[in-house]
Amino acid sequence: MGLIEVNHLSKHYQIAKRQEGLGGALRSLFHREYMTKMAVQDISFAVNRGEVVGYIGPNGAGKSTTIKMLTGILVPTSGEIRVNGIIPFKERQKNARQIGVVFGQRTQLWWDLPTIESFELLKQVFEVPDQRYRQNMATFSDILGLGEFLYTPVRQLSLGQRMRADIAASLLHDPVILFLDEPTIGLDVVAKERMRTFIKEINRERGVTVILTTHDMSDIEKLCQRMILIDKGRVMYDGELAKIKERFGKERVLIVDLEGEATDFSIAGAAVIKQEGNRMWLRFSRDEVTASQLINQISEKYEIKDVTIKDPEIDVMIRHIYEKGMDGQADYQQE
Amino acid sequence: MILEVIILGTFKMYGEFSRKSFQRAAAYRFDAWTRIIGNVMFLFMWGFIWYGLYHGKGEVEGVSFQAMLSYILISQALQGLHGAGTPLWEIQERVRTGDIAMEMLRPYDYPTRMLFSDFGSITFYFMTAIVPLYTVLFLVLKPVVPTSFSQGGLFVVSAILGYLIRYCIELTFGLFTFWLVETGGVEDIFYFAISLFSGSVIPLWFFPGWLEQVAGYLPFQGIFFVPNSIFVGQLTGQAVWDALLSQVIWLLICYAILRFVWAKASMKIVIQGG
Amino acid sequence: MVESWLRGISMYFYMVSASIRAQLQYRYAFIMNILGWAMTYAGTAITMWVLLYSFGTLEGWIFWELIFLFALAVLSWGVCMIFFFHFRSLDQYIVNGTFDRFLVRPIHPFFHFMAMKFDVGAFGQFLFSIVAVALSYSHLNLHWQAWQWLVFLGAVWGGTLIQGGLLVAISAMAFWTTRSERLYWVVMWPAKNLMNYPLTIYPRVIQLLVIFVLPFAFVNYLPALLLLGKTSQTMAPFWGFLSPFVGMIFFWLCFRLWMLGLNRYKSAGS
Ligand SMILES: Nc1ncnc2c1ncn2[C@@H]1O[C@H](COP(=O)(O)OP(=O)(O)O)[C@@H](O)[C@H]1O
Ligand SMILES: [Mg+2]
């Protein structure tokens, strides 16, 4: 039995329709129409202890909605959830003690207070024993470098610092499960890396089960053995990332800038997908031809100024899955 | 000819702001509802306070209850309209968040643009809330109303002048936020001055003599007291023209101060980045 | 049970002290906030004075009686503000999503939210109301018996709960409409102002409304009758004793409404 069990979970929102124009606005003074938004539709999955699961999907896919149901903030429309045996919305407070939550877009810390005070408040709220609190603070300060801003009010922290503080705050009470909703959003490369290292470490050292949502595929690549891909509230794929790469990651794009005008450009093993002046986009498959072979071929005929190779962005692969499903042909377009 | 085109174009641009904010006001129906509730509650309160004060008295200081009722009604209607514009706290908020600094980069004059935006929301509120509500109230309560076309016309002119005076003062107070970290006190002075000295709830003729004189030297009386008095017929003949003239003079002064403060604020933004 | 209450109370004070420290960071704002409120109320008192200058009395109430009536309401409002004033901005928490944090912590969300702020601006209310009550007490030559002091305390306690209850009820509206701050300013604020004047100037319907539905009358008017030794044609004097009880019942009802709203939030989202 999994640590988290989700069965046929659905969440529908009622949304009031905005009517267009002045007439509509006047009419809606007296009468509103509603429509149902199916944010999550019949989702099932199970997560085992110690896993790091990436929950990904485009904006509005239903990621946050799922996280909110798992943490007990929202009541599901239908379906079942068990988090370590607890039904979150029924025993919300009990559930709160065993989970840590970070919403990347908004802090859970006290805005006007020095960071350390938020930690101390949370210590009280979660009744963390003194000893444990000191140990945790020491560890987190160590890895996350909290020391440099512990006495700065949260509102003055940089986004990266704030995220570090937030994630440390969510782990103070030694939760079994950590939910991270877009923990790397808006961070620069260094800050992202730091965050990932920390999450990895927490998972390895403490066995904390992590579920994180993200847009950023490199989060998934670096952190997750498993990913659950959702779109329009439905699970599109649940499994290893490697499989997806194997299936869709073969096709790459070579971008070449030529010295002169290219006429009748054609190269064996690659298809021109776009042309803008002297710049060409060529699609090729890793199985059929290597990039260096291609470049050689081109340079025999033309003067090359510059080349770039683009791996298929995972986003693109994923968009492909959204459009064609897992079995569709891999004929994506790179923008 | 060219000048005409420019003027027309400018007018069209500012008119666009009015149109936009009209639509916006229409979209936020909840606000319109709640605002009218508050307005009616205050009308109700003052109506009964004056009713209670007049209890068993005929005329006080030469003013009948019917005239006073009319005063309160028209005053509350005007206050409703004023309230539909951008409130002081919102101006302060815009200064603090730097919205105004951004607006200064745009190819229009911000005070004018804000005025036109306010026209839009006020027009909406005027049409959908004030006119229906107060028409009914005037018909039911039958208070004193202007008896001649010219009295009505002068009231409208005076009310518009009053609006512009308040607009200039309010925006000026709002702009002080550029220099003050915390504006709590400024705000309270503003609200107190407006509520007492503008004659919004107590006409100046009921003030103790010395206070009436003080009020007479302040710009605030031009906001509600003058138009209200014209409306209920307490100001007539030459006095009306004097009052209108004083409104115009105050408007010019307030406008000059606004422009001055605005210029200083613009400088501050350009030099120190807000 | 007792233990969890004790824990709750100690946590409340812990959070409150944090909130005070947060507000103290802006020293100038802190002072201006207090002075600003005191000035606002002084402004209303001046308006009352001007009002009665030409007329003398309002339905048999002279200026100092009016001031007492007003100050009594401001006093309990001050206490209420300390604990509940920030409830009016629940809508902001909901709209920008920060309300969720109250639901991922192992304490009661109402309590947690209540502990979020301890509004020290309310000291402006105390400043004004204590001075005003003291002045009117001496100008009116009042000499209260022990029971009248109890009525006074009861009025402050009841008034706190009644006005706090209304703030809680208004904040609960945010769960349905995502609006509460506006609602406070356009509904509760004018309604509160209505109560600064003797109830008898209003029609009978309103009197019944503020006694039996939104029990504002118990905040100041009814206790003031007892405290000023006034009689009213319509109300028996003993009503004034009931403030604390009315307050508790009303607050409880408003709390239930808040919880209802919370449930709706949990099923509909923001
Ligand atoms: N409280 C709400 N009321 C109505 N619709 C909502 C609400 N919250 C989210 N939605 C809608 O549900 C869908 C899923 O939202 P969300 O779970 O936030 O997506 P994600 O986090 O994947 O971007 C979106 O279409 C969003 O507009
Ligand atoms: Mg999201």
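Within each chain, residue numbers correspond to sequence positions counted from 1 in written order. Here every chain gets a letter starting at A, and every ligand a number starting at 1, in the order they are written. Where totals are concerned, whole chains, interfaces and linings use all residues; where local detail is concerned, this predicted model gives features only for residues with pLDDT of at least 70, and gives and counts side-chain atom pairs only at 80 or more. Hydrogens and water molecules were not included; the side-chain quantities draw on all heavy atoms of the structure.

K.L.:
Before we move on, can you summarise the overall build of chain A with the specific residues and values?
P.N.:
Helix and strand definitions follow DSSP, with helices as H or I runs of at least four residues and strands as E runs of at least two, each counted in order from the N terminus. The number of helices and strands found in chain A is eleven helices and 13 strands. The C-alpha extent of chain A, read off along each of the three principal axes, is 75 × 55 × 45 Å. Looking at chain A as a whole, 53% of its 335 residues are labelled buried. Only heavy atoms matter for contacts: two residues are in contact if any of them lie within 4.5 Å across the pair. Within chain A, contacts between residues at least 6 apart in sequence are counted, and of these 71% link residues at least 24 apart. Each charge sign in chain A was given a centre, from 45 positive and 47 negative side chains, and these centres are 6 Å apart. Each residue's exposure class comes from its accessible area (1.4 Å probe, protein chains only) as a fraction of the maximum for that residue type: buried when under 20%, exposed when over 50%, partly exposed otherwise. Counted as positive: Lys and Arg. Counted as negative: Asp and Glu. His and the chain ends are not counted at all. Charge positions are represented by NZ for Lys, CZ for Arg, CG for Asp and CD for Glu.

K.L.:
Talk me through the packing of helix 6 (residues 110-141) of chain B against helix 7 (residues 149-175) of chain B; I want residue IDs and the actual numbers.
P.N.:
Residue and element names in this part refer to chain B. Every axis corresponds to a line fitted to the C-alpha atoms, with the helix fit spanning only the stretch in contact, and the corresponding angles, defined between N-to-C directions, vary from 0 to 180 degrees. At a closest axis distance of 12 Å, the pairing of helix 6 and helix 7 adopts a crossing angle of 125°. As the angle between them shows, helix 6 and helix 7 are arranged oblique. Like other packed secondary-structure pairs, helix 6 and helix 7 cross with a definite hand, here right-handed. Contacts from P111, M114, L115, D118, F119 and I122 of helix 6 reach helix 7 at Y163, L164, Y167 and L171. Charged residues are taken to be Asp, Glu, Lys and Arg, nonpolar residues to be Ala, Val, Leu, Ile, Met, Phe, Trp, Tyr, Cys and Pro, and polar residues to be all remaining types, Gly included. Of the residues belonging to the contact of helix 6 with helix 7, the class tally is nine nonpolar, no polar and one charged. To sort the angles, those under 35 degrees are grouped as roughly parallel, those over 145 as roughly antiparallel, those from 65 to 115 as roughly perpendicular, and the leftovers as oblique. Here a crossing is taken to be left-handed if its near helix is turned anticlockwise relative to the far helix by less than a right angle, and right-handed if that turn runs clockwise.

K.L.:
Which residues make up the sheet that holds strand 12 (residues 279-285) of chain A, and what values do they have?
P.N.:
Residues and elements named next belong to chain A. Whether two strands pair depends on DSSP finding at least two bridges between them. Taken in spatial order, the four strands make up an open sheet running 11-12-10-13, and their pairing is antiparallel. Because the sheet does not close on itself, it has two edges, and the strands there are strand 11 (270-276) and strand 13 (304-310). Pairs of neighbouring strands in the sheet enclose a mean axial angle of 20°, with direction left out of account. Here strand 10 (residues 251-258) runs beside strand 12; their pairing, made up of seven bridges, is antiparallel. Note that in strand 12 the partner of R252 across the bridge is F284.

K.L.:
Could you give me a rundown of the packing of helix 7 (residues 146-177) of chain C against helix 8 (residues 181-194) of chain C, with the residues and numbers involved?
P.N.:
All names here are of chain C. Between helix 7 and helix 8, the least distance of the axes is 10 Å, while the angle of their chain directions is 155°. By the angle class used here, helix 7 and helix 8 are roughly antiparallel. Note that helix 7 runs across helix 8; the crossing there is right-handed. For the pair helix 7 and helix 8, the contacting residues are Q163, L166, L167, I170 and M173 in the first and L183, Y184, M188 and K192 in the second. In terms of residue class, the contact of helix 7 with helix 8 is built from seven nonpolar, one polar and one charged.

K.L.:
Break down the pairing of strand 6 (residues 177-181) of chain A for me, with residues and values.
P.N.:
Residues and elements named next belong to chain A. Counted residue by residue, strand 6 has five buried out of five residues, so it is predominantly covered. Both faces of strand 6 are covered, namely the face carrying I177, F179 and D181 and the face carrying L178 and L180. Here strand 5 (residues 99-103) pairs with strand 6 via five bridges, running parallel. The residue of strand 6 that forms the bridge with F103 is D181. Bridge analysis of strand 6 against strand 7 (residues 209-214) gives five bridges, and the strand direction is parallel. When the bridges of strand 7 are listed, L180 appears paired with L212. Orient the strands so they point away from the viewer, and a crossover whose first-strand-to-second-strand path over the helix runs clockwise is right-handed. This β-α-β element, strand 6 to helix 7 (residues 189-206) to strand 7, shows right-handed connectivity.

K.L.:
Before we move on, can you summarise the interface of chain C and chain A with the specific residues and values?
P.N.:
With 29 residues of chain C at the contact, the number on the chain A side is 32 residues. Defined in terms of a 1.4 Å probe, buried area is the accessible area two parts forfeit on being brought together, summed over both. Carbon and sulfur atoms supply 55% of the area that chain C and chain A bury against each other, a total of about 2,700 Å² over both sides. One speaks of a salt bridge when a side-chain nitrogen belonging to Lys or Arg is within 4 Å of a carboxyl oxygen belonging to Asp or Glu. Counting every contact that joins chain C to chain A gives three salt bridges. Linking D100 of chain C and K68 of chain A is a salt bridge whose minimum nitrogen-to-oxygen distance equals 3.6 Å. Here a polar contact is taken to be a pair of N or O atoms separated by no more than 3.5 Å, where protein atoms must pair a possible hydrogen donor with a possible acceptor and residues adjacent in sequence count only if both atoms sit in side chains. At the boundary of chain C with chain A, the tally comes to eight residue pairs in polar contact (both at pLDDT 80 or more). Secondary-structure elements contributing two or more residues to the side of chain C that touches chain A are helix 1 (2-24), helix 5 (109-114) and helix 11 (243-268) of chain C. With seven residues, the single largest contributor to the side of chain C that touches chain A is helix 1 of chain C. Considering only residue class, the side of chain C that touches chain A consists of 15 nonpolar, eight polar and six charged.

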